[in-house]
Amino acid sequence: MNRTRALTEGAILASLYAVLFLITLYLPIISTITLFLLSLPFAIYTVRHGFKKSLLLVGTAIVLSIILGSIASINIPILFGSVGVVMGHFYRKKSSSFALLLGTTFAFLANFILIYIVSILFFDINLTTLTKESIEQMIAMTESFGGILGGDVEKSVEQLKGLLVVIPYLLPALFVIMAVIFAFITILINNIFMKKLNIDVPEWKPFREWSFPKSIIWYYLATILIFLSGPEQGSGLYIVTNNLYLILEIILVIQGLAVIYYYFWKKGKGKTIPVLVTILLFILPLGFYVVRILGIIDLGFDLRKRIKA
């Protein structure tokens with residue numbers, strides 16, 4: 001009976017994956033949503049039937065992807081199949097939201113690294129080279145249209161050229177950031193459907209209560225001190241320091257945003273202003289510095305505990 005049920009549900013979920021796969025492959029606009037749902041069939045099946053049986057579903061999805069798409073599409077079922085299995089494992093174990101996020105992030109990160117290596121070895125596609133070419137095109141466009149659009153063209157070009165030099169060294173941090181973003185969005189969307197299927201999902205703390213370990217400050221300070229020591233460009237220390245610095249800055253900005261959300265919640269002002277502040281961060285780069293300082297103060301002096309209603 002259990003075997004028949006497993007086969008029936010496997011067939012249904014394989015069909016669901018096939019539909020999501022086709023939409024993702026051939027309908028670009030809708031694919032921005034279905035992309036984050038591709039792991040759902042695998043997560044559901046893993047919750048209900050365990051890790052080993054779910055690998056058969058991944059194998060089926062690989063065959064379907066090759067038939068419906070091409071051999072080049074094989075990375076899709078491998079990526080989202082493995083991520084879905086990992087997610088399902090954590091759902092099945094009733095793990096915390098942090099453990100679920102961490103496990104899903106590592107699954108995405110491992111796949112991104114694998115895809116990067118395979119693309120270089122077998123398809124002669126180098127992500128670093130493509131990124132540098134994109135930045136060079138942006139520099140050319142800025143120089144061509146800068147005078148028409150106005151603004152400090154020379155400063156913009158100088159910043160882009162600086163990015164051109166640094167970006168190859170920041171690839172590890174960019175992979176980590178991308179993996180966290182993909183994991184977070186995937187979990188949020190998948191949780192909606194999991195709840196409808198009466199599958200227990202871990203509850204997230206309100207964003208205003210998010211907080212990182214205080215040791216982050218010491219890591220950040222150590223990174224700055226290493227920067228000031230002037231490590232040789234291209235050296236291992238230079239690459240590690242640059243990547244750590246970028247990741248730690250983002251962590252401190254998130255900490256600072258949590259303070260802002262907490263402040264307006266404590267004052268009973270709602271979420272409108274904090275959301276606007278979050279949007280403005282991407283428009284006014286100076287805002288990142290201010291919010292980052294808030295994050296540092298909160299980690300060092302428990303700023304949120306000092307905010308009164």
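In what follows, the accompanying structure is described.

Rules used throughout
Residues numbered from 1 in each chain as written. Predicted model: local features only at pLDDT ≥ 70, side-chain atom pairs only at ≥ 80, totals over all residues. Heavy atoms only, no water. Helix = DSSP H or I, 4+ residues; strand = E, 2+ residues; numbered from the N terminus. Buried < 20%, exposed > 50% of the residue type's maximum accessible area, 1.4 Å probe, protein only. Contact = heavy atoms within 4.5 Å. Areas by Shrake-Rupley, 256 points an atom, 1.4 Å probe, with all protein chains shown as cover. Salt bridge = Lys/Arg side-chain N within 4 Å of Asp/Glu carboxyl O. Expected span 1.5 Å × (residues − 1). Arc of directions from axis to C-beta. Phe/Tyr/Trp six-rings, centres within 6.5 Å; stacked < 30°, edge-to-face > 60°. Core = buried A, V, L, I, M, F, W, Y, C linked by side-chain atoms within 4.5 Å. 1 Å grid on protein atoms, 1.4 Å probe; cavity = no way out; pocket = protein on both sides within 12 Å on 5 of 7 lines; lining within 4 Å. Points joined across faces, edges and corners; volume = space filled by probe spheres on them. Nonpolar A, V, L, I, M, F, W, Y, C, P; charged D, E, K, R; others polar. Axes fitted to C-alpha atoms, helices over the stretch in contact; angles between N-to-C directions. Parallel < 35°, antiparallel > 145°, perpendicular 65-115°, else oblique. Left-handed = near helix turned anticlockwise from the far one by under 90°.

1. Considerations on the overall build of the protein
Within the protein, the secondary structure is distributed over 13 helices and 0 strands. Relative to its full complement of 309 residues, the protein shows a buried share of 37%. Counting only contacts in the protein whose residues sit at least 6 apart along the sequence, the fraction spanning at least 24 positions is 72%. Summed over all atoms, the accessible surface of the protein reaches about 18,300 Å², with 71% contributed by carbon and sulfur.

2. Remarks on the pattern of salt bridges
Under the criterion given, the structure shown has 6 salt bridges. The salt bridge involving arginine 304 is made with aspartate 298; its shortest N-O contact spans 2.7 Å. Put simply, Arg5, Glu9 and Arg48 are held in one network by salt bridges that share partners.

3. Observations concerning helix α5 (residues 75-92)
Spanning 18 residues, α5 covers 25 Å between terminal C-alpha atoms, matching the ideal 26 Å at 1.5 Å per step. By the burial criterion, the buried members of α5 are Ile76, Pro77, Leu79, Phe80, Gly81, Val83, Gly84, Val85, Met87, Gly88, Phe90 and Tyr91. Lysine 94 sits one or two residues past α5 and shows a positive phi near 55 degrees.

4. Re helix α12 (residues 272-281)
Helical geometry note: an α-helix holds 3.6 residues per turn, so side chains three or four residues apart project in the same direction. Taken together, the buried positions of α12 are occupied by Pro274, Thr278 and Leu281. Looking straight down α12, one finds its buried side chains confined to an arc of 60 degrees; they lie on one side. The inward-facing, buried residues of α12 abut α11 (236-266) and α13 (286-301).

5. Some points on the environment of tryptophan 265
When you line up the elements, tryptophan 265 lands in helix α11. For tryptophan 265 and arginine 208, which are 57 residues apart along the polypeptide, the C-alpha to C-alpha distance reads 7.9 Å.

6. Concerning the packing of aromatic side chains
For the structure shown, the criterion picks out 17 aromatic pairs. Taking 5.6 Å as the distance between ring centres and 80 degrees as the angle between the ring planes, the aromatic pair formed by phenylalanine 112 and phenylalanine 182 counts as edge-to-face. You can see phenylalanine 112 sitting in helix α6 (residues 97-123) and its partner phenylalanine 182 sitting in helix α9 (residues 171-196), a full 70 residues away along the chain. Pair check on accessibility: phenylalanine 112 and phenylalanine 182 agree, each one buried. For the ring pair tyrosine 263 and phenylalanine 264, a centre distance of 5.2 Å and an interplane angle of 90 degrees mean the geometry is edge-to-face. According to the relative accessible area criterion, tyrosine 263 is partly exposed, its value standing at 37%.

7. Topic: the nonpolar core
Tyr91, Phe108 and Met194 are the most contacted members of the largest nonpolar core, which totals 42 residues. The greatest single-element share of this core, amounting to 8 residues, is contributed by α5. When neighbours within four sequence positions are excluded, methionine 194 is seen to be in contact with Leu40, Ala43, Ile44, Tyr91, Ile199 and Val201.

8. Things to note about the side chain of serine 54
Turning to its location among the elements, serine 54 is positioned in helix α4 (residues 51-68). Residue contacts for serine 54: discarding those within four places in its chain leaves Tyr45, Thr46 and Val85.

9. Focus: the layout of surface pockets
Of the pockets and cavities examined, the largest pocket occupies roughly 1,900 Å³. Taken together, 41 residues line the largest pocket, and the ones lying closest to its centre are Phe212, Ile247, Ile250, Ile251 and Ile254. The dominant element in the lining of the largest pocket, judged by the number of residues it contributes, is α11, at 12 residues. A per-class count over the lining of the largest pocket returns 32 nonpolar, 5 polar and 4 charged.

10. Brief notes about unusual backbone geometry
Of note, lysine 94 is a non-glycine position whose phi angle comes to about 55 degrees, a positive value. Within the secondary structure, lysine 94 sits in the loop between α5 and α6. For asparagine 198, which is not glycine, the phi torsion reads 60 degrees and is therefore positive. Structurally, asparagine 198 can be placed in the loop between α9 and α10 (215-228).

11. A short note on the packing of α4 against α5
Contact geometry of α4 with α5 gives a least axis separation of 9 Å together with a crossing angle of 160 degrees. One element, α4, and the other, α5, form an angle in the roughly antiparallel class. In the crossing of α4 with α5, the sense of the turn from one axis to the other is right-handed. Between α4, through Phe51, Ser54, Val58, Ala61, Ile62 and Ser65, and α5, the contact on the second element is made entirely by Pro77, Ile78, Gly81 and Val85. Split into classes, the residues belonging to the contact of α4 with α5 amount to 7 nonpolar, 3 polar and no charged.

Just geometry here; none of it tells us what the structure is for.
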